[in-house]
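Geometric and topological summary
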Amino acid sequence: NDQYDWEKQKGQQWFLEEAKKYGVPYTLGFLNSSPVQMTRNGLAIGSGRLGEWNFDSTKINAWTDFMANVATHFQFNYLSPFNEPQWDWGPGKSGEASQEGTPIKNSDLAWATRKLAEKFQQTNTRTRIVIPEAGQLNYLYESKSNRPGQDGQIENFFHAESPNYLGNVAAVERVISGHSYFTTSPASRLVDTRQALNKKTKAAHVEFWQSEYCILGDNAGEITGNGVDLGMKTALYVAKVIHSDIYDGHASSWSWWLAVSANDYKDGLIYTFNGPNKGENDANKYDADLYDSKTLWALGNYSRFVRPGMKRIEASISQPNCFITGFTDQNSNVFVMINTGNAFEMNWPSEHEIKTYTTAENQHLTFQSVRNGKIQVPAFSVMTLVIQPNI
């Protein structure tokens, strides 16, 4: 029997337990790669050949045992066994890996998922399986892309006539997950991609989870991933992506990558820098100052107020350069508004108090109570409005 050292990865375990203490209702574990003792080449990177899964299929039972044991130990609500199937990470020009990953074809993914579901049933593991963490959203719905055998994943996994159908597997959550990278600029592509995705998910009766995003690439010249920006430019760009993922793509879950960064890149919410010293080094690991970003606070405009179980409600605004989404539950109505233009006054007639929380150049989820319906909206801001008619 394999022995597990549950003392390893203390840092990650600390964050997991703290999240639970603070009332985070759902946890998800995911694999970038299968454990290296189960891969073909003993590494977390593959050959770099399109769709070639770096896995020794004779070890499938060891793989499913590992998943069931770890998911049960940490009591994960969800488990995502494959990450970005379309990215064929392999040796670079130097022969070294650029990044670990799980390049895999739809047929192999379906086979392994069925095996994992069987193990979960045998061991009474209650964790739900989430697939497929597509590297780009278009691979979820396009069936004639540059990734043959790895695209059209909604139809592959959730149309009953498909040989890779997983919709009848009890442990598989009826969700399709994907990453918003490389489809966010220009604005027309941002919207069109997500509307096309929503059309397919609705037809297949599955939910969409946006399961990973930060700013990568050059984004049609609108913003680049390189270079830290703690200010509102990055925060507003990210907020517009969140808005479109929810409004156009009907995402019911949204996740950012990553919480803490030491890199000179737009991938963090909090940064650890030792003076001008940037990068993943000991100076920033053990002796650094912490810097919060406006992206952290703008994300809070959603995550602090749009809570699990809420439902979308119709919301619109005629103000130019503004975007709004609405949500409701039995206690409150919540509206998140993004203003990418100048300041303006908004009239919002309501017999109830309107609580506003604003992130702007000089505000960090700053609270203000409004009772006369006249709301001052700062330039270049994200504002959350909370109305609680029953309180």
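Refer to the structure printed above.
Read on for an overview of the structure.

About the criteria used
- Residues numbered from 1 in each chain as written.
- Predicted model: local features only at pLDDT ≥ 70, side-chain atom pairs only at ≥ 80, totals over all residues.
- Heavy atoms only, no water.
- Pairing = 2+ DSSP bridges.
- Helix = DSSP H or I, 4+ residues; strand = E, 2+ residues; numbered from the N terminus.
- Axes fitted to C-alpha atoms, helices over the stretch in contact; angles between N-to-C directions.
- Contact = heavy atoms within 4.5 Å.
- Buried < 20%, exposed > 50% of the residue type's maximum accessible area, 1.4 Å probe, protein only.
- Phe/Tyr/Trp six-rings, centres within 6.5 Å; stacked < 30°, edge-to-face > 60°.
- Lys NZ or Arg CZ within 6 Å of the ring centre and 35° of its normal.
- Salt bridge = Lys/Arg side-chain N within 4 Å of Asp/Glu carboxyl O.
- Core = buried A, V, L, I, M, F, W, Y, C linked by side-chain atoms within 4.5 Å.

Notes on the sheet that holds strand 17 (residues 381-387)
With antiparallel pairing, six strands are arranged side by side in an open sheet as 10-11-12-17-14-15. Only two strands of the sheet have a single partner each, and these edge strands are strand 10 (311-313) and strand 15 (363-370). Averaged over all neighbouring strand pairs, the angle between strand axes comes to 25°, with direction disregarded. Taken together, the seven bridges between strand 12 (residues 333-339) and strand 17 define a ladder with antiparallel strand orientation. Counted as the bridge partner of isoleucine 338 is valine 382 from strand 17. Along the sheet face, helix 7 (residues 232-247) touches strand 10, strand 11 (322-328), strand 12, strand 14 (354-360) and strand 17 and points at about 55° away from the line of strand 11.

A short note on the pairing of strand 15
When strand 14 meets strand 15, the two strands line up antiparallel, connected through six bridges. Across the sheet, the residue bridging to threonine 358 is threonine 366, located in strand 15. With antiparallel pairing between neighbouring strands as the criterion, strand 14 and strand 15 make up a hairpin whose turn holds two residues.

A closer look at unusual backbone geometry
Geometrically, the link from isoleucine 131 to proline 132 is a cis peptide bond, its omega value of -10° lying close to zero. That bond from serine 185 to proline 186 is cis: its omega, -10°, falls within 30 degrees of zero. Within the secondary structure layout, proline 186 lies in the loop between strand 4 (172-179) and helix 6 (187-204). Despite not being glycine, glutamine 9 shows a phi value in the positive range, around 55°. Tracing the backbone shows glutamine 9 in the segment before helix 1 (10-21). Backbone geometry places glutamine 75, a non-glycine residue, at a positive phi of 55°. With respect to the helices and strands, the residue glutamine 75 is situated in the loop between helix 2 (60-74) and strand 2 (78-80). The exposed category is assigned to glutamine 75, whose relative accessible area is 59%.

Notes on the packing of aromatic side chains
All chains considered together, the criterion is met by 23 aromatic pairs. Ring centres of tyrosine 4 and phenylalanine 66 lie 6.3 Å apart, and the angle between their planes is 25°; this geometry places the pair in the stacked category. Taken as a pair, tyrosine 4 in the segment before helix 1 and phenylalanine 66 in helix 2 lie far apart in primary sequence, 62 residues in all. Given the relative accessible area of 28%, tyrosine 4 is considered partly exposed. Joined through ring pairs, the aromatic side chains of Trp87, Tyr139, Tyr181, Phe182, Tyr213, Trp254 and Trp256 make up one cluster. In this arrangement the basic side chain of lysine 278 is found over the ring face of phenylalanine 273, its NZ or CZ atom lying 4.9 Å from the centre.

Observations regarding the pattern of salt bridges
Applying the stated criterion across every chain yields a total of 10 salt bridges. The residue arginine 128 makes a salt bridge to glutamate 173 at a minimum N-O spacing of 2.8 Å. Residue arginine 128 is found in strand 3 (residues 128-134), and its partner glutamate 173 is found in strand 4; the two are separated by 45 residues along the sequence. Judged by its relative accessible area of 27%, arginine 128 is partly exposed. Where aspartate 245 meets arginine 194, a salt bridge forms, and the shortest distance between an N and an O atom there is 2.5 Å.

Description of the nonpolar core
Judged by nonpolar contacts, the single largest core of 38 residues is most densely connected at Trp63, Phe82, Phe120, Ile129, Ile131 and Phe158. Of all the elements in the fold, those that place two or more residues in this core are helix 2, helix 3 (106-122), strand 3, helix 4 (138-141), helix 5 (153-158), strand 4 and helix 6. No other element matches the six residues that helix 3 contributes to this core. Beyond its immediate stretch of four places on either side in the chain, phenylalanine 82 contacts Leu31, Trp53, Trp63, Thr102, Ile104, Leu109, Ala112, Thr113, Ile131, Pro132 and Glu133. Of all hydrophobic cores here, the second largest spans 31 residues; its members include Ile223, Ala298, Met310 and Tyr357.

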